[in-house]
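Geometric and topological summary
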Amino acid sequence: MTDYPDLLKADAGQPAHAIHLIDATGFDAWLSSRPDHVRALIAAQKFGGKAGERAILPGDGADDWSVVAGVADQQALGPWCLARLAETLPAGSYRLADGAPGAAALGWLTAQYRFDRYRKDETATGPRLLLSRDVARIDPTIELARAIALVRDLVNTPAADMGPAELEAAAGEVAAAFGADMSVTRGDALEQGYPMIHAVGRAADRHFAPRLIEMVWGDPGAPRVAIIGKGICFDSGGLDMKPSSAMRLMKKDMGGAAHALALARLIMAAHLPVRLHLLIPAAENAVGGNAFRPGDILHTRKGLTVEIGNTDAEGRLVLGDALTRAGEDKQDLVIDFATLTGAARVALGPDLPATFANDEDLAAQIVACATEVDDPLWRLPLWDGYADMLKSDVADINNAGEGGFAGAVTAALFLQRFVPADTPWLHLDTFAWRPAARPGRPKGGEALGLRAVFRLLQRRFGKNI
């Protein structure tokens, strides 16, 4: 993982190249105040003050140069305003000529993320260190960057090297780092206690055997928060097999688990005053002679029976048992992350997690927090009128809605059956993947909705950056 403390440090007057920020409204006045030779150099570099552009300004000595960079609004820096600079500037130390980077320090860090487990980048640039006068924000920003990198690393790792056992090991590392208690249910205990998790994963090879990973941390008397993440480490679709084009990215189907683990890390690093209960149902939805079948009826931890309308709607099954377990302890808030439905991507594309809440105040808070930290999401309705789509003639509920309509909504309605009615619940159907690179956000595994939910927890439980 990228060593982020080496990329953001307190400004104690160390030698560093200055970064002058300018926006389009102030560009003409700024340019007119420059000497002729500087204006000529600016023109040669085709710098016009637009967001994302930058130019090098000469100084008196060979290494005495500075940078001018265009931003959308120099008075309101967002997370990604400095990201392109961090991607393109030479290795070295930098500071803003005026003010502190604020939220933009995050993009400076995440822009330098590299997934190099399998291939080293021979052309990689050395570290670009940013100095900041806002010392209080340095550690929280580094922790955010680490959490995002954790999501990216887990999702980017192929399924052969990121099965349920490896996901358990990753959770163990986080638990050990913060003194959390971890337990794992597998084998006969899983089959008896969490029958849907077992059924989904039972066809996988022994090394990829299913399990429920749990982590508990914090004062038992503090408000209780359960964080649940779908951990389908590879999804073939089961007997309702996906086409190869749809299976290609299914290493990312544990993206919900990656988000949940990263959020747990943020909660513990920030010492939020909560009793955290992390649950990751981890399995591989494989094809084999003992795979669960369309038409099978599964028992659940809650006692409901579920008719299998489609084995490729497996994520909601493992989440159902995990949600039931979370609800057995009186929770003040339950949150789940899942790469759950293609319907959410059809409706909202890759950038916007489809977000569902059973509490109006909670829904308003998460939307506001998403806007505040520039981590967008979009609320969709828990529309009770579609519950009939999940009816079964032979069981309490079917796992796949009829007719192909409102797939993200019916999936959320399925999950809601396993959440206590009096418990505030938030469900994020996230993509966990970026199909095209943007500044600070490379192509590949991505944290989408993570920062928004963390800010929500800070707001609800009395902590803030």
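Because the structure is predicted, anything quoted here is derived from the model rather than measured.

Let us now look at the overall build of the protein. Tallying secondary structure elements over the protein gives 15 helices and 20 strands in all. In terms of overall dimensions, the protein is globule-like: its C-alpha atoms have a radius of gyration of 24 Å, near the 23 Å expected for 465 residues. Seen through its C-alpha atoms, the protein measures out along the principal axes to roughly 80 × 50 × 40 Å. Sequence-distant contacts, at least 24 apart, represent 77% of the contacts inside the protein between residues at least 6 apart. On the protein, roughly 19,100 Å² of surface is accessible, and the fraction owed to carbon and sulfur atoms is 51%. A gap of 3 Å separates the mean positions of the 48 positive and 58 negative side-chain charges of the protein.

With that settled, consider the pairing of strand E18 (residues 425–429). Most of E18 is tucked away: five of the five residues are buried. With burial as the criterion, each face of E18 is covered, one bearing Trp425, His427 and Asp429 and the other bearing Leu426 and Leu428. Here four bridges tie strand E15 (residues 354–357) to E18, and the two strands are oriented antiparallel to one another. Counted as the bridge partner of Ala357 is Leu426 from E18.

In this section: the packing of aromatic side chains. Within the structure shown, the criterion is met by six aromatic pairs. Ring plane angle 45° and centroid distance 5.3 Å describe the contact between Phe414 and Phe418, whose orientation is recorded as tilted. We classify Phe414 as buried; its relative accessible area is 0%. Given a relative accessible area of 2%, Phe418 falls into the buried group. One residue, Arg152, lies across the ring of Tyr113, its end atom 5.2 Å from the ring centre.

Once that is clear, we can look at the nonpolar core. In this structure, Trp108, Ile227 and Leu261 are the most contacted members of the largest nonpolar core, which totals 89 residues. The biggest single contributor to this core is helix H5 (residues 138–156), with 11 residues. Setting aside its immediate chain neighbours within four residues, Ile227 contacts Ala260, Leu263, Ile267, Leu276, His277, Leu278, Leu279, Ile335 and Phe337. Within the second largest apolar cluster, 44 residues are counted, among which are Leu298, Leu304, Ala344 and Trp425.

Two modes of strand pairing occur in sheets, parallel and antiparallel, and in both the strands are linked by backbone hydrogen bonds. Pairing is mixed in the open sheet, where six strands are placed in the order E1-E6-E5-E2-E4-E3. Sheet topology places strand E1 (8–10) and strand E3 (54–57) at the edges, where each strand pairs with a single neighbour. Across this sheet, the average inter-strand angle for adjacent strands is 30°, counted without regard to direction. Across four bridges, the pairing between strand E2 (residues 17–22) and strand E4 (residues 66–70) is parallel. For Ile22, the partnering residue across the bridge sits in E4 and is Gly70. Each of E1 and strand E6 (128–132) is contacted by H5, which is oriented at about 170° to E1, the strand it contacts most.

Turning next to a nonpolar patch on the surface. Judged by side-chain polarity, Leu239, Met241 and Val287 come together as a nonpolar surface patch covering roughly 260 Å² of accessible area. Following the sequence through the fold, Met241 ends up in the loop between strand E10 (231–235) and helix H9 (244–247).

In this structure, the largest pocket encloses a volume near 1,000 Å³. Lining the largest pocket are 34 residues, and of these Tyr113, Arg114, Phe115, Asp116 and Asp153 lie nearest its centre. Among the elements of the structure, H5 and helix H6 (164–178) are those that each provide at least two residues to the lining of the largest pocket. Here the lining of the largest pocket takes six residues from H6, the largest share from any one element. Considered class by class, the residues forming the lining of the largest pocket number 15 nonpolar, six polar and 13 charged. The space that makes up the second largest pocket amounts to roughly 650 Å³. Around the second largest pocket, the lining is made up of 34 residues, and of these Asp312, Leu340, Thr341, Gly342 and Ala343 lie nearest the centre. Looking at the lining of the second largest pocket, the elements that each hand over two or more residues are H9, helix H12 (342–348) and helix H14 (407–416). No other element matches the three residues that H12 contributes to the lining of the second largest pocket.

This part is about the packing of H5 against helix H15 (residues 450–460). Look at H5 against H15: their axes get within 11 Å of each other, and the N-to-C directions meet at 135°. In terms of axis orientation, H5 runs oblique to H15. The two elements H5 and H15 meet at a crossing, and its hand is right-handed. Contacts from Leu144, Ala147, Ile148 and Val151 of H5 reach H15 at Leu450, Arg451 and Phe454. When the residues that make up the contact of H5 with H15 are grouped by side-chain class, the tally is six nonpolar, no polar and one charged.

With that out of the way, let us pick up unusual backbone geometry. Its identity is not glycine, yet Lys46 carries a phi of approximately 55°, on the positive side. Phi angles above zero are rare outside glycine, and His271 is one such case at about 55°. Within the secondary structure, His271 sits in the loop between helix H10 (255–269) and strand E11 (275–285). Under the relative-accessibility criterion, His271 is labelled exposed at 57%.

Moving on to the packing of helix H11 (residues 315–327) against H14. Relative to each other, H11 and H14 sit at 30°, their axes nearing to 9 Å. When the axis of H11 is compared with that of H14, the two are roughly parallel. Of the two possible hands of crossing, H11 and H14 adopt the one that is right-handed. Within the contact between the two elements, H11 uses Arg316, Leu317, Leu319, Gly320 and Leu323 and H14 uses Ala411, Phe414 and Leu415. Class assignment for the residues of the contact of H11 with H14 results in six nonpolar, one polar and one charged.

Moving on, we get to the environment of His207. Along the polypeptide, His207 turns up in the loop between helix H8 (195–201) and strand E8 (211–217). Measuring from C-alpha to C-alpha, the distance between His207 and Gly163 comes to 8.0 Å, with 44 residues separating the pair along the chain. The contacts of His207, once residues within four sequence positions are left out, are Ala165 and Glu166. A polar contact of 3.1 Å, which involves the side chain of His207, links it to the side chain of Glu166.

Procedures and definitions
- Residues numbered from 1 in each chain as written.
- Predicted model: local features only at pLDDT ≥ 70, side-chain atom pairs only at ≥ 80, totals over all residues.
- Heavy atoms only, no water.
- Helix = DSSP H or I, 4+ residues; strand = E, 2+ residues; numbered from the N terminus.
- Rg over C-alpha atoms; globule rule 2.2 N^0.38 Å.
- Contact = heavy atoms within 4.5 Å.
- Areas by Shrake-Rupley, 256 points an atom, 1.4 Å probe, with all protein chains shown as cover.
- Lys, Arg positive; Asp, Glu negative; His and termini not counted.
- Charge placed at Lys NZ, Arg CZ, Asp CG, Glu CD.
- Buried < 20%, exposed > 50% of the residue type's maximum accessible area, 1.4 Å probe, protein only.
- Pairing = 2+ DSSP bridges.
- Phe/Tyr/Trp six-rings, centres within 6.5 Å; stacked < 30°, edge-to-face > 60°.
- Lys NZ or Arg CZ within 6 Å of the ring centre and 35° of its normal.
- Core = buried A, V, L, I, M, F, W, Y, C linked by side-chain atoms within 4.5 Å.
- Axes fitted to C-alpha atoms, helices over the stretch in contact; angles between N-to-C directions.
- Patch = residues over 30% accessible without salt bridge, like charges linked within 9 Å, V, L, I, M, F, W, Y side chains within 5 Å.
- Salt bridge = Lys/Arg side-chain N within 4 Å of Asp/Glu carboxyl O.
- 1 Å grid on protein atoms, 1.4 Å probe; cavity = no way out; pocket = protein on both sides within 12 Å on 5 of 7 lines; lining within 4 Å.
- Points joined across faces, edges and corners; volume = space filled by probe spheres on them.
- Nonpolar A, V, L, I, M, F, W, Y, C, P; charged D, E, K, R; others polar.
- Parallel < 35°, antiparallel > 145°, perpendicular 65-115°, else oblique.
- Left-handed = near helix turned anticlockwise from the far one by under 90°.
- Polar contact = N/O pair within 3.5 Å; in protein donor to acceptor, adjacent residues only side chain to side chain.

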